[in-house]
Amino acid sequence: MSAPDATPFRTEIRVRFAEVDDARVVYYPRYLDYCHRAFEDFMEAGFGTPYAEIFQGAGVGYPAVNVQVDYHAPARFGDRLDVEVTCARIGDRSLTLRYRMLRQRDGALCCDARVTIASIDMATFSAIRVPDAHRAFFARHLGAPRPDGTRNGGAMPEGKATS
């Protein structure tokens, strides 16, 4: 019997005026910025120290190497988004995190993103094994396998546009 899906890490993001376009909705690439802000909050909450210190102190970086995004509903200036972060996959030198962004006012799913990040040595910019302490942290947020082999919805639904 498999374990239940991991409880997601949650953080809040407020949509700022500078983040919306002429249609008065969040300009689509801003959601990737939201993903990274949530990642920094996630790491800080997990390690009890600001992400900048983790990043600089350990000399390990996590650049995005693949992004898949589905946009479902618009977010507007002033909206607050609950961002849920889970780990969909942990590999030797990379992992995939899933970010679900829900409008607080009505619970609507605005964005569902999966970001694969590589573990790199910041001195050489070469791929390295995910450090054990980081691997253990990410594993605590890893969901149970599903029949299709994904974890916590790690695969994009078929037929969905990605960017």
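Residues numbered from 1 in each chain as written. Predicted model: local features only at pLDDT ≥ 70, side-chain atom pairs only at ≥ 80, totals over all residues. Heavy atoms only, no water.

### Topic: the state of the cysteines
Step number 1: Applying the stated criterion across every chain yields a total of zero disulfides.
Step number 2: Not part of a disulfide, Cys110 finds its nearest cysteine sulfur in Cys111, a span of 8.1 Å.
Step number 3: Taking the relative accessible area as the measure of exposure, Cys110 reaches 0% and is therefore buried.
Step number 4: We note that Cys111 lacks a disulfide partner, and the nearest cysteine sulfur, in Cys35, lies 5.8 Å from it. (Disulfide = S-S within 2.5 Å. Buried < 20%, exposed > 50% of the residue type's maximum accessible area, 1.4 Å probe, protein only.)

### Things to note about a nonpolar patch on the surface
Step number 1: Together, Tyr27, Tyr28 and Tyr71 line one region of the surface with nonpolar side chains, adding up to about 320 Å² of accessible area.
Step number 2: Note on placement: Tyr28 falls in the loop between β1 (9-14) and α1 (30-47).
Step number 3: Classification of Tyr28 by relative accessible area gives partly exposed; the value is 47%. (Patch = residues over 30% accessible without salt bridge, like charges linked within 9 Å, V, L, I, M, F, W, Y side chains within 5 Å. Areas by Shrake-Rupley, 256 points an atom, 1.4 Å probe, with all protein chains shown as cover. Salt bridge = Lys/Arg side-chain N within 4 Å of Asp/Glu carboxyl O. Helix = DSSP H or I, 4+ residues; strand = E, 2+ residues; numbered from the N terminus.)

### Looking at the pairing of strand β6 (residues 109-118)
Step number 1: Of all 10 residues that make up β6, nine are buried, and the element is covered over most of its length.
Step number 2: Examined bridge by bridge, strand β3 (residues 64-71) and β6 share seven bridges and lie antiparallel to one another. Among the inter-strand pairings, Val67 is bridged to a residue of β6, identified as Val115.
Step number 3: As defined by bridge partners, strand β5 (residues 94-103) adjoins β6 across nine bridges and the pair is classed as antiparallel. Across the sheet, residue Arg100 finds its bridge partner in β6, namely Asp112.
Step number 4: Connecting β5 to the antiparallel partner β6 that follows it, the hairpin turn spans five residues, and Gly107 within it adopts a positive phi of roughly 75°. (Pairing = 2+ DSSP bridges.)

### Side note on α1
Residue pairs spaced three or four apart in an α-helix point in one direction, given the helix's 3.6 residues per turn.
Step number 1: The end-to-end C-alpha distance of α1 is 26 Å, a good match for the 26 Å that 18 residues give at a rise of 1.5 Å each.
Step number 2: Taken together, the buried positions of α1 are occupied by Tyr31, Tyr34, Cys35, Ala38, Phe39, Phe42 and Met43.
Step number 3: One or two positions beyond α1, positive phi appears at Gly48, with a value near 70°. (Expected span 1.5 Å × (residues − 1).)

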